[in-house]
Amino acid sequence: MTFFDKYTYKQKNYALMILAVLLVAVAYKRAFSTTFETKGYQTELEQKLERASTADHDIRLGQAKLAHLNRMLGEENNSVERVQQGFLNFFAQKADGLAVHEVSEVMHFDHPDFSINTHRVVLKGGYLKTLDFLYALEKEFRLAKVLNVSFEFKRYNSNEEKSLYTTILIQNYLR
C-alpha cells in the first residue's frame, strides 16, 4: 500500500472528510429524501382519509345551510316568468278583497357571482286585508322574498276616489 504513503496525514484527513460529505449527500439523496417524501405523502393521505370520513356530515351540513338560505332569501334559479306566475297564483288563492293594480317590469341586477331580480307589484284594497295577504306572502311564498312594502292613500286618476295602494317589492336570486 504505497499509494497512500506519499500523502500527509493532513491531506488524508481532508480527503476522508470530503469522502464522508459525499457519502452523506448520496445517502440523503438515495434513501433519506425518499423516506421524508413518503412520510409527507402518508400525512397527506391520513388528512384526506380523516376529511373523507366526515364528508357525509359536511355534505348534510352544507345542504342544511343551503335550505336555510333558501328559506331566508327565496329559492334560487327561478325565472322571472315562474316567479310572476307563482305570485299571481298565490295572490289568487290568498287575497280576499284585494286587486292587482299594476305589475311593473322586472329590475335586474348582475353581479359576477349572482343576479338579482326585483319585482314591483301594486295592490289596491283595504289595510287589514292587505296585512293578512302580506303575512301569508312572507310565511308561505317560497319563490321570492318580500324586500319592501309601502302604503299610499291616493287617487291614481282624477275620476276615481281615493284608495289605499300597497307597493310590494319582492326579490329572487339567480346563480
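Conventions and cut-offs
- Each chain has its residues counted from 1, running along the sequence as written.
- Residue-level local features of this predicted model are given only where pLDDT is at least 70; pairs of side-chain atoms are given and counted only at 80 or more, and the full residue set underlies all totals for whole chains, interfaces and linings.
- As a rule here, side-chain values come from all non-hydrogen atoms in the structure, and water together with hydrogens is ignored.
- Each salt bridge in this description consists of a side-chain nitrogen of Lys or Arg and a carboxyl oxygen of Asp or Glu lying within 4 Å of one another.
- The helix count covers DSSP runs of H or I at least four residues long, the strand count covers runs of E at least two residues long, and both are numbered beginning at the N terminus.
- When accessible area is computed with a 1.4 Å probe and restricted to protein chains, residues below 20% of their type maximum are described as buried, those above 50% as exposed, and intermediate ones as partly exposed.
- Side-chain rings of Phe, Tyr and Trp, where Trp is taken by its six-membered ring, are said to pair if the distance between their centres is within 6.5 Å; with planes under 30 degrees apart they count as stacked, over 60 as edge-to-face, and otherwise as tilted.
- Expected helix span is taken as 1.5 Å per residue step, with the number of steps being one fewer than the number of residues.
- The arc in question is traced by the directions running from the helix axis to the C-beta atoms.
- What makes two residues a contact is simply this: any of their non-hydrogen atoms within 4.5 Å.
- Polar contacts, as used here, are pairs of N or O atoms within 3.5 Å; protein pairs need one atom able to donate a hydrogen and one able to accept it. Residues neighboring in sequence count only if both atoms are side-chain atoms.
- On a scale of 0 to 100, pLDDT captures the predictor's confidence in every residue.
- Buried residues of nine kinds, namely Ala, Val, Leu, Ile, Met, Phe, Trp, Tyr and Cys, make up a nonpolar core once their side-chain atoms join them within 4.5 Å.
- All axes here are fitted lines through C-alpha atoms, helices being fitted over the stretch that makes contact, and every angle between N-to-C directions spans 0 to 180 degrees.
- When an angle is under 35 degrees it counts as roughly parallel; over 145 it counts as roughly antiparallel; between 65 and 115 it counts as roughly perpendicular; any other value is oblique.
- Note: crossing handedness is left-handed where the near helix turns anticlockwise from the far helix by less than a right angle, and right-handed where it turns clockwise.

### Observations concerning the pattern of salt bridges
Counted under the stated rule, the structure contains five salt bridges. Among the salt bridges present, the one from Glu-102 reaches Arg-120, with a minimum N-O distance of 3.2 Å. Residue Glu-102 is located in strand β1 (residues 98-103), and its partner Arg-120 is located in strand β3 (residues 115-125); the two are separated by 18 residues in the primary sequence. With a closest N to O distance of 3.4 Å, Lys-154 and Glu-152 form a salt bridge. Classification of Glu-152 by relative accessible area gives partly exposed; the value is 35%.

### Focus on the packing of aromatic side chains
In the structure shown here, the tally under the stated rule is eight aromatic pairs. Relative to Phe-91, the ring of Phe-87 lies with its centre 6.4 Å away and its plane at 25°, an arrangement referred to as stacked. With Phe-87 and Phe-91 both in helix α3 (residues 80-94) and four residues apart, this pair spans about one turn of that helix. On the basis of relative accessible area, Phe-87 is assigned to the buried category, the value being 3%.

### Brief notes about helix α4 (residues 127-140)
For α4, built from 14 residues, the straight-helix expectation of 20 Å at 1.5 Å per residue is met to within 8% by its first-to-last C-alpha distance of 20 Å. Inspection of α4 places Thr-130, Phe-133, Leu-134, Ala-136 and Leu-137 among the buried residues, and these make up the whole buried set. The buried residues of α4 occupy one face: seen down the axis, they fall within an arc of 165°. Residues of α4 that are exposed and angled more than 90 degrees away from the buried face: Leu-128, Asp-132 and Tyr-135. Buried residues belonging to α4 abut α3, β1, β3, β4 (145-154) and β5 (163-174).

### Some points on the side chain of Thr-118
Within the element layout of this structure, Thr-118 appears in strand β3. Only 3.1 Å separates the side chain of Thr-118 from the side chain of Gln-171, close enough to count as a polar contact.

### Details of the confidence of the model for the protein
Counting all residues, the mean pLDDT for the protein is 88, and 95% of those residues have values of 70 or more. At the low end of the mean pLDDT range in the protein sits helix α2 (residues 55-73), at 82; at the high end sits α4, at 93.

### What to know about the nonpolar core
Phe-87, Leu-123, Phe-133, Leu-137, Phe-141, Ile-168 and Ile-170 are the most contacted members of the largest nonpolar core, which has 17 residues in total. Those elements giving two or more residues to this core turn out to be α3, β3, α4 and β5. Not counting the four nearest positions on each side in its chain, Phe-87 is found in contact with Val-121, Phe-133, Leu-137, Phe-141 and Ile-170.

### Section: the environment of Arg-142
Its location among the elements puts Arg-142 in the loop between α4 and β4. You can call Arg-142 partly exposed: its relative accessible area is 39%. Along the backbone, Arg-142 and Phe-87 are 55 residues apart, and their C-alpha atoms lie at a distance of 9.7 Å. A polar contact is formed between the side chain of Arg-142 and the backbone oxygen of Lys-139, at a distance of 3.4 Å.

### Remarks on the packing of α3 against α4
Between two packed helices, what matters for the description is the angle formed by their axes and the separation of those axes. Contact geometry for α3 and α4: axes closest at 11 Å, N-to-C directions at 130°. On the basis of their axis angle, the class for α3 and α4 is oblique. In this structure, α3 meets α4 at a crossing whose hand is right-handed. Every residue of α4 that contacts α3 at Phe-87, Phe-90, Phe-91 and Lys-94 is listed here: Phe-133, Ala-136, Leu-137 and Glu-140.

### Section: α3
Given a rise of 1.5 Å per residue, 15 residues ought to cover 21 Å, and the 21 Å separating the end C-alpha atoms of α3 matches this to within 8%. Burial in α3 covers these residues: Val-83, Gly-86, Phe-87, Phe-90 and Phe-91. All buried residues of α3 project into a common sector of 140° when viewed along the axis, lining one side. Turned more than 90 degrees away from the buried face of α3 sit Glu-81, Ala-92 and Gln-93, all of them exposed. Among the structural elements, β1, β3, α4 and β5 are those in contact with the buried residues of α3.

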